[in-house]
Amino acid sequence: MAIATRLVLGSLNGLLAPIKAYAIEVCQAEHHALGLSVVNTAWGFGLVIGPALGGYLAQPAEKYPQIFSKESVFGRFPYFLPCVAVSLLAAIVLISCIWMPETIHKHKSPEKDIQKVKALPSEQSYLDSPRKKSLLQNWPWMSTMVSYCFFGLHDTAYSEILSLWAVSDRKYGGLSFSSEDIGGVLAVAGASLLVYQLIIYHWVHKFLGPVISSRVASALSILIVSTYPFMTYLSGAKLSFALYSAAMMRSVVAITASTGISLLQNHAVRQDQRGTANGISTTAMSFFKAIAPIGAGYLFSWAQKHQDSTFFPGDQMVFLVLNLVQLLGLMFTFEPFLVLPTVGEECS
């Protein structure tokens, strides 16, 4: 039932794709990067607040006996309260969507009543191009899919391996951290990510653009992840400083790369195709994110059994494979793999 429920929840979760498309369409061209950053920030807040909310509300009869009786429905069903709370939040979102203005209007209007809005040069070129009717023929959009999926695969596998590696014993190449220690690392990394996305990222995008920023961030990610195996030689304050710094920097470069690719995807399609394009790309990335924990788990189990290897001990092999996945994503941000639109500064 747990697996079936999780499957149904994932199958019906179609929010992220239209939200990204909506953020692009309601923002002016110079604010597209900030719009996607706000989406990622809101998503990050949810990832932080959601588990905490579930933990506080679960088993209320045991935690708050003065409010919830053990004979009540909350005592007989200890996880009913967090489910109700989440459902109420979803209902509030559903009701609030009633007042959200649609960004694509298909009704006919007199020419004099149409407000002309300045379009992106790249978007205008696609509006005028008849061969872009099908997304499968849109090579600029199709070419971004590979990097997008590899970045998603790497990000999920990294998150899985980081926790396992940090709590592993030092004789297996780990850090012997407690769950509270690694939780603190992830919390600080998440907080720095929220600040970066809201304040700094749009300036990075302004000066470097989506392609260059994705390439630079991907290359920096490889360098940062390469330092992790050598942290086992540190201890105390030096280890904490190195791990916290690496985790924060790696979170920043990861979101920079994925946001840059997402901007390329949204600029490479027409307005009436953005919802579909984001849906397909999110589905493809979700498939790679689904296989990432399985692959990471097998890789980490193998690594712990080969920690004494003379050529690339187990812990070093784990991070080497992670870097190879990131390298593949980086390769596909260069020509001939990445096809840029012939017109438009936003994708150059």
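Reading the values: rules and limits
Residues numbered from 1 in each chain as written. Predicted model: local features only at pLDDT ≥ 70, side-chain atom pairs only at ≥ 80, totals over all residues. Heavy atoms only, no water. Patch = residues over 30% accessible without salt bridge, like charges linked within 9 Å, V, L, I, M, F, W, Y side chains within 5 Å. Areas by Shrake-Rupley, 256 points an atom, 1.4 Å probe, with all protein chains shown as cover. Salt bridge = Lys/Arg side-chain N within 4 Å of Asp/Glu carboxyl O. Helix = DSSP H or I, 4+ residues; strand = E, 2+ residues; numbered from the N terminus. Buried < 20%, exposed > 50% of the residue type's maximum accessible area, 1.4 Å probe, protein only. Phe/Tyr/Trp six-rings, centres within 6.5 Å; stacked < 30°, edge-to-face > 60°. Lys NZ or Arg CZ within 6 Å of the ring centre and 35° of its normal. UniProt positions renumbered as here; feature names shortened; annotations may be inferred. Axes fitted to C-alpha atoms, helices over the stretch in contact; angles between N-to-C directions. Left-handed = near helix turned anticlockwise from the far one by under 90°. Nonpolar A, V, L, I, M, F, W, Y, C, P; charged D, E, K, R; others polar. Core = buried A, V, L, I, M, F, W, Y, C linked by side-chain atoms within 4.5 Å. Contact = heavy atoms within 4.5 Å. Expected span 1.5 Å × (residues − 1). Arc of directions from axis to C-beta.

Notes on a nonpolar patch on the surface
Line of reasoning, step 1. Together, Trp203, Phe207, Leu208, Ile212, Val216, Leu220 and Leu223 line one region of the surface with nonpolar side chains, adding up to about 690 Å² of accessible area.
Line of reasoning, step 2. On the secondary structure map, Trp203 appears in helix α9 (residues 179–226).
Line of reasoning, step 3. Trp203 gets classed as partly exposed once you look at its relative accessible area, which sits at 43%.

A few points about unusual backbone geometry
Line of reasoning, step 1. Cis geometry is found at the peptide bond from Glu335 to Pro336, where omega equals 5°.
Line of reasoning, step 2. Position of Pro336 among the secondary structure elements: in the segment after α12 (314–331).
Line of reasoning, step 3. For Gln59, which is not a glycine, the phi torsion comes out positive at approximately 50°.
Line of reasoning, step 4. Checked against the element boundaries, Gln59 lands in the loop between α3 (32–57) and α4 (60–63).
Line of reasoning, step 5. For Gln59, a relative accessible area of 27% translates into the label partly exposed.

Quick word on the packing of aromatic side chains
Line of reasoning, step 1. Evaluation of the coordinates by the stated rule reveals eleven aromatic pairs.
Line of reasoning, step 2. Between the aromatic rings of Phe74 and Phe80, the centroid separation amounts to 5.8 Å while the plane-to-plane angle is 40°, which identifies the pairing as tilted.
Line of reasoning, step 3. Phe80 sits in the partly exposed class, given a relative accessible area of 36%.
Line of reasoning, step 4. Where Tyr196 meets Tyr201, the ring centres are 6.2 Å apart and the plane angle is 65°; that geometry is what we call edge-to-face.
Line of reasoning, step 5. Owing to a relative accessible area of 1%, Tyr201 belongs among the buried residues under this scheme.
Line of reasoning, step 6. Among the aromatic residues, those joined into a ring-pair cluster are Phe150, Phe287, Phe288, Phe332 and Phe337.
Line of reasoning, step 7. Just above the ring of Phe334 sits the side chain of Arg215; from NZ or CZ to the centre is 4.2 Å.
Line of reasoning, step 8. Above the ring of Tyr158, the side-chain terminus of Arg250 is found at 4.1 Å from the ring centroid.

Details of the UniProt feature "transmembrane region" (unreviewed entry) in the chain
Line of reasoning, step 1. According to UniProt, the "transmembrane region" (unreviewed entry) feature falls on residues 33–58, 79–101, 182–204, 216–235, 241–264, 276–300 and 320–340.
Line of reasoning, step 2. Structurally, residues 79–101 is divided into 74% helix and 0% strand, and its ends, taken at the C-alpha atoms, are 36 Å apart.
Line of reasoning, step 3. Annotation note: span residues 241–264, helix share 100%, strand share 0%, distance between end C-alpha atoms 35 Å.

Notes on the environment of Gly209
Line of reasoning, step 1. Following the sequence through the fold, Gly209 ends up in helix α9.
Line of reasoning, step 2. It is 9.6 Å that separates the C-alpha atoms of Gly209 and Leu263, two residues lying 54 residues apart in sequence.

Here we look at the packing of helix α8 (residues 139–167) against helix α11 (residues 274–305)
Line of reasoning, step 1. Put simply, α8 and α11 touch, their axes get as near as 7 Å, and they point 35° apart. Here α8 runs over α11; the crossing is right-handed.
Line of reasoning, step 2. Of the residues that constitute the contact of α8 with α11, the class distribution is 20 nonpolar, four polar and two charged.

Quick notes on the pattern of salt bridges
Line of reasoning, step 1. Inspection of every chain in the model, using the stated rule, returns two salt bridges.
Line of reasoning, step 2. Glu25 serves as the salt-bridge partner of Arg274, at 3.8 Å between the closest nitrogen and oxygen. In this pair, Arg274 sits in helix α11 while Glu25 sits in helix α2 (residues 16–26), placing the two residues 249 residues apart along the sequence.
Line of reasoning, step 3. Across the pair Arg250 and Asp155 runs a salt bridge, and its minimum N-O distance is 2.7 Å. Taken together, the positions of Arg250 in helix α10 (residues 236–267) and Asp155 in helix α8 put the pair 95 residues apart, joining distant regions of the chain.
Line of reasoning, step 4. On the basis of relative accessibility, which here comes to 3%, the residue Arg250 falls in the buried class.
Line of reasoning, step 5. By relative accessible area, Asp155 is classed as partly exposed at 28%.

Things to note about the nonpolar core
Line of reasoning, step 1. Within the largest apolar cluster, 41 residues are counted, with the highest numbers of intra-cluster contacts made by Ile161, Trp165, Tyr228, Met231 and Leu243.
Line of reasoning, step 2. Elements with a minimum of two residues in this core: α8, α9, α10, α11 and α12.
Line of reasoning, step 3. Ranked by residue count, the leading element in this core is α8, at ten residues.
Line of reasoning, step 4. Other than its neighbours up to four places away in sequence, Tyr228 contacts Tyr158, Leu162, Trp165, Leu243, Ala246, Ala247, Arg250 and Phe319.
Line of reasoning, step 5. If you look at the next biggest cluster of nonpolar residues, it comprises nine residues, including Ala33, Leu36, Tyr196 and Leu263.

Quick word on helix α6 (residues 80–96)
Line of reasoning, step 1. Here α6 spans 24 Å end to end across 17 residues, near enough to the 24 Å set by a 1.5 Å rise per residue.
Line of reasoning, step 2. Within α6 the residues assigned to the buried category are Leu81, Pro82 and Ala85. All buried residues of α6 fall inside an arc of 105° around its axis, so they share one side.

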